[in-house]
There are 2 protein chains.
Amino acid sequence: MNQTQIIGKASLSFNKPAYISNYASVVGQLEGQGPLGKLFDCVEKDPMFGGTTWEEAESFLQNQTLRTLFKKSSLKPTDIRYIFAGDLLGQLIASTFGIINYNMPFFGLYGACSTMGESLALASMTIAGGFADKTIAMASSHFASAEKTFRFPLGYGCQRKQCATWTVTGCGAVALDSKEGIAKITGITPGKMVDFGVKESDNMGACMAPAAADTILTHLTDFNLNANYYDKIITGDLGYVGQTILINLLKQNKIDISANHMDCGIEIFDNANQGTGSGGSGCGCSASTLCSMILKNIENKVWKRVLFVPTGALLNPISFNEGKSIPGIAHAVVIEEV
Amino acid sequence: MNQTQIIGKASLSFNKPAYISNYASVVGQLEGQGPLGKLFDCVEKDPMFGGTTWEEAESFLQNQTLRTLFKKSSLKPTDIRYIFAGDLLGQLIASTFGIINYNMPFFGLYGACSTMGESLALASMTIAGGFADKTIAMASSHFASAEKTFRFPLGYGCQRKQCATWTVTGCGAVALDSKEGIAKITGITPGKMVDFGVKESDNMGACMAPAAADTILTHLTDFNLNANYYDKIITGDLGYVGQTILINLLKQNKIDISANHMDCGIEIFDNANQGTGSGGSGCGCSASTLCSMILKNIENKVWKRVLFVPTGALLNPISFNEGKSIPGIAHAVVIEEV
C-alpha cells in the first residue's frame, strides 16, 4: 500500500504520519525575558554560550539544544538515523561545529529563516517513507552572528529602522519517530521561491510575505481546505510589517486568515517594551517558538491542528550589495494532535 | 509492501529504484579543454555566462544547465515536483537566482562539495518513497566566485600551493523519474562529518579524505560488499593528495580500492598540462563529471554499477580565520545500469 498521497501542485499527505516524540529549545536572555520566556527548556545567560566567537556561540547553542533533547528523551545519538539541520551563517558553519561531535549522518539545509520548515519536511518524509525510525530536525540563529553576517557588526552601534526585525538567539530541535509521539506531522507543502522585487535587507517581512502567501494558498488549494480548518496558521518571522502584507495578499485571493494567523516573530518578543522593531526573525525564531509554545499547545490539546509555515528571505551580503532583490521562500508543515 | 530496506548503520536500499531519465552538464572553457571536454553538453566560452558579477555568472550557469536539461528531455518545469540543489556560495545565492525563474518547489542544500551526493540522495529518496514522480538534483560551482568566497579575489594574483585544488566552473543536473530511465539509483549511504583536525584551506583533499573513507567503509559494511563489487568507486574532488590518503586510510581497514578508485577531480583536468594543482574541486566537479562521463559510461554499458561519493570540506572564511579545523563529509549513491 502506498503510504503517501501526492496532492495537488506541491503537497504530500502522509497516511502513515511522522510522530513528534520530543522537542527541545534553548534561547538567549532577551528571548527569555519575552512573553514565551517560561516555555523554553533553557534560557542561557551567556550570549557567547561559553564560546569565544559569535560563530562558536551559535555552534554551542545548537550543541546545547541537542544535549537538552537527548536529556529530555530517552534517545541517544546512535538511535538517530539522520539529522536535518541548518542555520543562517555562510556554509552552515554553526551547524557543522554544533552537530559534528554527535556522529550522526547529516543533511545540511539552507532555507534562510524557513529552514525549520525545510528540515521538518525532509525529516518527516524520511519517517513517512519508511527510510528511518528516528530522525531529528533542527535550526538555529544567533542575533550577533546574524547581524555580523547580514548587516553590521554590533560594535558599529548602527541605528535600526523600525521595520527591521530582531534576529532571535535561539535553537529548536524536534525528534521524529515512526511509532508514537505527542504530536504528528500529517502533511507538507514545500514552497517555491517568490520575488516581488523588494531590495530592503532591513525589511525582511516585506520580502517574505509574498512567499508565505504563495505557500499557504497552494496548501489550501491542494488540500481543498478553508483557512479556518486550522486552529492557527503560523508563519515564522514576518513581524508586524510582513503580517499586514500577508493578510492583504491572501484577501486578494479571497482567503481570510486574519482571525487565526499567528507569527512567531510577533509572539516571541514584547516589541513595544523590548525594542525589537517589527518583531523577531531568524531560523531560531520559528524553531524555538515551535519547540516551546506551539508544541506545548498541541500536546496540551489547546490546539487540534496548526499549519506551521516558516518563512525565509534569500539574500546574502554580496547579492544585496550587488543590487539583487531579496526573494522569499516558505515551507508549510501540518502538525496535529495525536 | 515496504519499498525500502533500512540497512546497517546508515544506508538505504531501494527495492523500487529512482531512475535517472536524463542529465545535463555545462562547464567553463578550462574544463572544456580538459580530458572530458567532448562529453559535456555545453562548454561556455564566456566565464561570466552573460552576467555582470561572478555570483550572477554562477546563477546563469545553473540556469543554463536547467535549460539544457529541459531541452534534452521532454520535461517541462511544471513536470518537476521538487528540485534539490545547492552551491558553495554563502546562503546558496547562486542556486536562488539560478532556479527561481523555473517556479519549482525548492529544497536548498549545503554539503560543500558533497552537495551533488546530498541532492541525489534526497531526490532519489523522494522518488523511492512515492513522494514524487519526477525530481531534479543539481549542484554547481564557479572558479571565480569560489576563490573570492574562500580564498582571495582573483585580482590579487596570489600564488597557489601545489596541494591546492582548482574549483571547477561547472554544473550538473540529473532528472529522476519513478518509472524509467537510462540508469537507476538503488541505494544510498548518507555520511556523517569527520574531522581529523586539518586546518589548511588550500589542502582540501586532506580535509575530505577521512570522511570519504568513513562513508565508503560504512557503505561496504552496511551492504556486506567487497570493494570490487563496483566497477568504480568514484569520489568527488579529493585530487592526488586526497586520493593517496583515502587509499591508505581504507587499507588500514583492510579494504583495497586502489584498483577501482576514480576521483572526478583527477579526471576533469589534465593537471600536468593545465596547471590545476592537485586536481579539480567544487560541487560542480563531481556534478559535471557525473552528468557527462559517468552517466554516459553507465548508459553505454561500459560500467554496470558505480558508487558515487561526492566529498565536501566544511569551512567558511570566518571559521577558517578563527582557527577552526576543516571537517569533511561525503554521501554515497549507488548508480546502476538498467
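Cut-offs applied
As a convention, each chain's residues are numbered from 1 in the sequence order in which they are written. Throughout, the order in which chains and ligands are written sets their labels, letters from A for the former and numbers from 1 for the latter. Per-residue local features of the predicted model are confined to residues with pLDDT of at least 70, and side-chain atom pairs are confined, for both listing and counting, to 80 or more; whole-chain, interface and lining totals are unaffected and use all residues. Whether a residue is buried, exposed or partly exposed follows from its count of other C-beta atoms within 10 Å of its own C-beta, namely 20 or more, 12 or fewer, or something in between, respectively; the C-beta atoms are built from the backbone. Secondary structure elements follow DSSP: runs of H or I no shorter than four residues count as helices, runs of E no shorter than two count as strands, and numbering proceeds from the N terminus. Note: two strands are recorded as paired if DSSP finds a minimum of 2 bridges between them. Between the first and last residue of a helix there are one fewer steps than residues, each counted as 1.5 Å, and that sum is the expected span. By definition, residues are in contact whenever their C-beta atoms, placed on the basis of the backbone, come within 7 Å of each other. Domain boundaries shown here were taken from an automatic or database domain assignment. Gly counts as polar in this scheme, as do all residues outside two lists: the nonpolar Ala, Val, Leu, Ile, Met, Phe, Trp, Tyr, Cys and Pro, and the charged Asp, Glu, Lys and Arg.

Caption draft 1: Spotlight on the pairing of strand 8 (residues 170-177) of chain A. Residues and elements named next belong to chain A. Where burial is concerned, most of strand 8 is hidden: eight out of the eight residues are buried. Going residue by residue along strand 8, you find Gly 170, Gly 172, Val 174 and Leu 176 tucked away on one face and Cys 171, Ala 173, Ala 175 and Asp 177 tucked away on the opposite face as well. Pairing geometry for strand 2 (residues 11-27) and strand 8, over eight bridges, is antiparallel. Each residue of the ladder has a partner; that of Asn 22, found in strand 8, is Ala 175. One ladder, built from eight bridges, connects strand 6 (residues 134-141) with strand 8; its direction is antiparallel. By the bridge assignment for strand 8, Met 138 is matched with Ala 173.

Caption draft 2: Quick peek at helix 7 (residues 239-252) of chain A. All names here are of chain A. Spanning 14 residues, helix 7 covers 20 Å between terminal C-alpha atoms, matching the ideal 20 Å at 1.5 Å per step. Within helix 7, burial applies to Gly 239, Val 241, Gly 242, Gln 243, Ile 245, Leu 246 and Leu 250. In this structure, the buried residues of helix 7 make contact with helix 6 (204-223), strand 10 (232-235), strand 11 (261-263), helix 8 (264-267) and strand 12 (280-281).

Caption draft 3: Focus on the domain arrangement of chain A. All names here are of chain A. You can read the domains of chain A as domain 1 (4-177) and domain 2 (183-337). Each of domain 1 and domain 2 has a C-alpha centre, and these two points are 16 Å apart. Residue-level contacts link 59 residues of domain 1 with 61 residues of domain 2. Elements represented by at least two residues in the side of domain 1 that touches domain 2 include exactly strand 2, helix 1 (29-32), helix 4 (115-128), strand 6, helix 5 (143-150), strand 7 (166-167) and strand 8. At 12 residues, strand 2 tops the list of elements feeding residues into the side of domain 1 that touches domain 2. Taken together, the residues of the side of domain 1 that touches domain 2 break down into 32 nonpolar, 20 polar and seven charged.

Caption draft 4: Up close: the interface of chain B and chain A. Counting residues at the interface gives 47 residues for chain B and 47 residues for chain A. Secondary-structure elements contributing two or more residues to the side of chain B that touches chain A are strand 1 (4-7), helix 3 (93-99), strand 5 (106-108), helix 4 (115-128) and helix 11 (317-321) of chain B. Taken together, the residues of the side of chain B that touches chain A sort by class into 26 nonpolar, 15 polar and six charged.

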